[in-house]
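Residue-level structure breakdown
Each chain is listed here by its residues.
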Amino acid sequence: MTSLARAHGRDATRGSLHNGAWPWLRRNLFDGWLNTFATLAVLSALVWALPPLWRWGVAHAVFVADNAACRAAAELGACWGVVAEKHRLILFGRYPHDAHWRPLAACVLLVVMIVISGWWPFARPARWPLLGRALLRFRPTVLLAAWAAVVGVVFVLMRGGAFGLTPVDTSLWGGLPLTLLLSTASLVLAFPLAVLLALGRQSPWPGIRWLCTVYVELLRGVPLIAVLFMASFMLPLLMPQDSTVDVLLRVLVGLTLFGAAHLAEVVRGGLQGVPQGQVLAAQALGLGYWQTTLTVVLPQSLRSVVPALVNTCIGALKDTSLVTIVSLYDLTGALQLALGDANWRRFFIEGQLFVAAVYFVFCFALSRYSRWIERRLNAGTRRA
């Protein structure tokens with residue numbers, strides 16, 4: 001018993017030595033002369049750059065919406081007053097000023113649903129009461145119903161015309177709500193299509209395989225600006241004269257088709273990584289094609305391409321900034337509207353930094369979520 005305790009103590013000491021701050025620094029920052037040189041170079045650059053950045057961004061900056069004070073301090077510090085003055089226009093675009101609570105509520109609902117959708121599949125039913133276990137058992141159905149309800153509420157909030165809300169045309173939607181709505185809706189709609197395209201490219205029937213290959217390669221070989229231009233300006237020319245399609249819907253269709261092509265290649269890479277023995281074993285158990293695909297192939301393939309999927313989602317979030325070419329003002333487009341004021345136009349750098357910070361928060365959160373998923377999946381593999 002004493003020897004076991006001593007061995008456990010030695011293992012704990014060895015683990016603390018390998019997991020401390022200094023071992024981490026040696027492994028990641030000072031591993032070899034080249035890595036050490038790069039670390040020292042970056043530290044030197046930070047020491048040189050941080051003091052003037054601090055003076056410009058904090059010490060001598062103006063944080064109140066005072067244009068005269070900003071102009072007086074323009075040579076010494078930043079003018080964050082442009083954000084204080086124009087933050088509503090940047091975040092909500094041309095949406096009516098007296099109804100800004102509606103897009104704010106829509107953003108909160110979308111973010112909450114995204115967080116719940118990302119966390120709930122990994123929740124542990126044993127920690128929930130009886131009702132919680134029932135909800136977790138039927139989590140796909142519950143999530144789909146919750147998403148349908150939230151999307152309906154968001155549409156009513158943004159569009160109005162019901163429950164006493166003033167109608168607001170979709171051409172006035174903009175800012176952060178439009179960015180979140182387009183990126184979320186396009187990814188949700190593109191993912192099932194991407195899975196079908198990836199399966200179609202591995203189909204034994206040449207016709208289906210050829211059609212899927214042409215679609216994916218054509219959309220991946222065309223820039224998103226061209227796809228948005230075609231969806232916004234060319235699509236109405238192909239429709240009857242008396243019929244019109246809302247510009248927001250046309251842009252959403254273009255983003256969905258473009259995102260599906262890129263996601264399809266990611267999913268196809270995961271499908272090729274599944275051992276053929278898994279498929280043969282499922283067939284030997286009497287499972288059909290769709291049963292094998294849904295219960296054996298897809299879970300393993302999607303598990304192996306989580307980083308690539310999240311990377312594609314981050315790209316889709318940032319690609320929404322291109323919708324300004326079709327007169328939809330997302331977060332970056334709304335910033336250009338805000339900078340149309342001649343009194344604040346010279347402080348465009350501060351506005352761009354604010355928008356960049358908003359994008360960074362969402363993209364960094366997605367990146368950390370990807371790491372969290374990988375740890376959970378790898379932990380499950382180790383326990384298995």
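Before reading on, note that the structure itself is shown above.
A brief look at the structure comes next. A quick note: this is a predicted structure, and the numbers were derived from the prediction, not measured.

Parameters and conventions
Residues numbered from 1 in each chain as written. Predicted model: local features only at pLDDT ≥ 70, side-chain atom pairs only at ≥ 80, totals over all residues. Heavy atoms only, no water. Core = buried A, V, L, I, M, F, W, Y, C linked by side-chain atoms within 4.5 Å. Buried < 20%, exposed > 50% of the residue type's maximum accessible area, 1.4 Å probe, protein only. Helix = DSSP H or I, 4+ residues; strand = E, 2+ residues; numbered from the N terminus. Contact = heavy atoms within 4.5 Å. Polar contact = N/O pair within 3.5 Å; in protein donor to acceptor, adjacent residues only side chain to side chain. Phe/Tyr/Trp six-rings, centres within 6.5 Å; stacked < 30°, edge-to-face > 60°. Disulfide = S-S within 2.5 Å. Axes fitted to C-alpha atoms, helices over the stretch in contact; angles between N-to-C directions. Parallel < 35°, antiparallel > 145°, perpendicular 65-115°, else oblique. Left-handed = near helix turned anticlockwise from the far one by under 90°.

Here we look at the nonpolar core
Residues Tyr95, Leu182, Val251, Leu255, Val323, Leu328 and Leu331 are the most contacted members of the largest nonpolar core, which totals 48 residues. Taken together, the elements giving at least two residues each to this core come down to α5 (81-92), α6 (101-119), α8 (139-159), α9 (175-201), α11 (224-234), α12 (247-272), α16 (331-338) and α17 (348-383). No other element matches the 7 residues that α12 contributes to this core. Ignoring anything within four residues of it in the chain, the contact list for Val251 reads Leu182, Leu228, Val323, Val326 and Leu328.

Side note on the side chain of Thr184
Mapped onto the secondary structure, Thr184 falls in helix α9. With a relative accessible area of 14%, Thr184 lands in the buried category. Engagement of the side chain of Thr184 in a polar contact is seen with the backbone oxygen of Leu180, the distance being 2.8 Å.

Looking at the environment of Arg159
Locating Arg159 in the fold gives a position in helix α8. The exposure class of Arg159 is partly exposed, given its relative accessible area of 32%. With 11 residues separating them in the primary sequence, Arg159 and Thr170 have C-alpha atoms 6.9 Å apart.

What about the packing of aromatic side chains?
Counted according to the given criterion, the structure contains 7 aromatic pairs. Ring geometry for Phe360 against Phe364: centres 5.4 Å apart, planes inclined by 20 degrees, an arrangement best described as stacked. Here the residue Phe360 and the residue Phe364 both occupy positions in helix α17, the gap between them amounting to 4 residues, near one helical turn. For Phe364, a relative accessible area of 44% gives the class partly exposed.

A short note on the state of the cysteines
A full pass over the atoms with the stated rule returns 1 disulfide. Across a sulfur-sulfur distance of 2.1 Å, Cys70 and Cys79 are joined as a disulfide pair. Handedness of the Cys70-Cys79 disulfide follows from its S-S torsion of about 70 degrees: it is right-handed. The same class applies to Cys70 as to Cys79, namely buried.

Some remarks on the side chain of Thr256
Mapped onto the elements of the fold, Thr256 is located in helix α12. In terms of polar contacts, Thr256 uses its side chain to reach the backbone carbonyl oxygen of Leu252, at 2.7 Å. Apart from residues lying up to four places away in sequence, Thr256 is in contact with Ser186, Leu189 and Ala190.

Some thoughts on the packing of α5 against α16
With their axes 7 Å apart at the nearest point, α5 and α16 run at an angle of 140 degrees to one another. The angle between α5 and α16 places the two elements in the oblique class. In the packing of α5 onto α16, the handedness of the crossing is right-handed. Here α5 contributes Lys86, Leu89, Ile90 and Leu91 to the contact with α16, which in turn contributes Leu331, Ala334, Leu335, Leu337 and Ala338.

Quick look at unusual backbone geometry
Unlike most non-glycine residues, Phe163 shows phi in positive territory, near 55 degrees. Classification of Phe163 by relative accessible area gives exposed; the value is 78%. A positive phi angle, close to 65 degrees, is found at Ser327, a residue other than glycine. Mapped onto the fold, Ser327 is located in the loop between α15 (306-319) and β1 (329-330).

With respect to the environment of Val247
Here Val247 shows up in helix α12. The exposure class assigned to Val247 is buried, which follows from its relative accessible area of 18%. For Val247 and Thr170, which are 77 residues apart along the polypeptide, the C-alpha to C-alpha distance reads 8.0 Å. The residues contacting Val247, other than those within four sequence positions of it, are Ser232, Val326 and Leu328.

Details of the packing of α9 against α12
Remark: α9 packs on α12, axes separated minimally by 5 Å, with the N-to-C direction vectors making an angle of 45 degrees. Classified by the angle between their axes, α9 and α12 sit oblique to one another. Once α9 is placed against α12, the crossing between them reads as right-handed.

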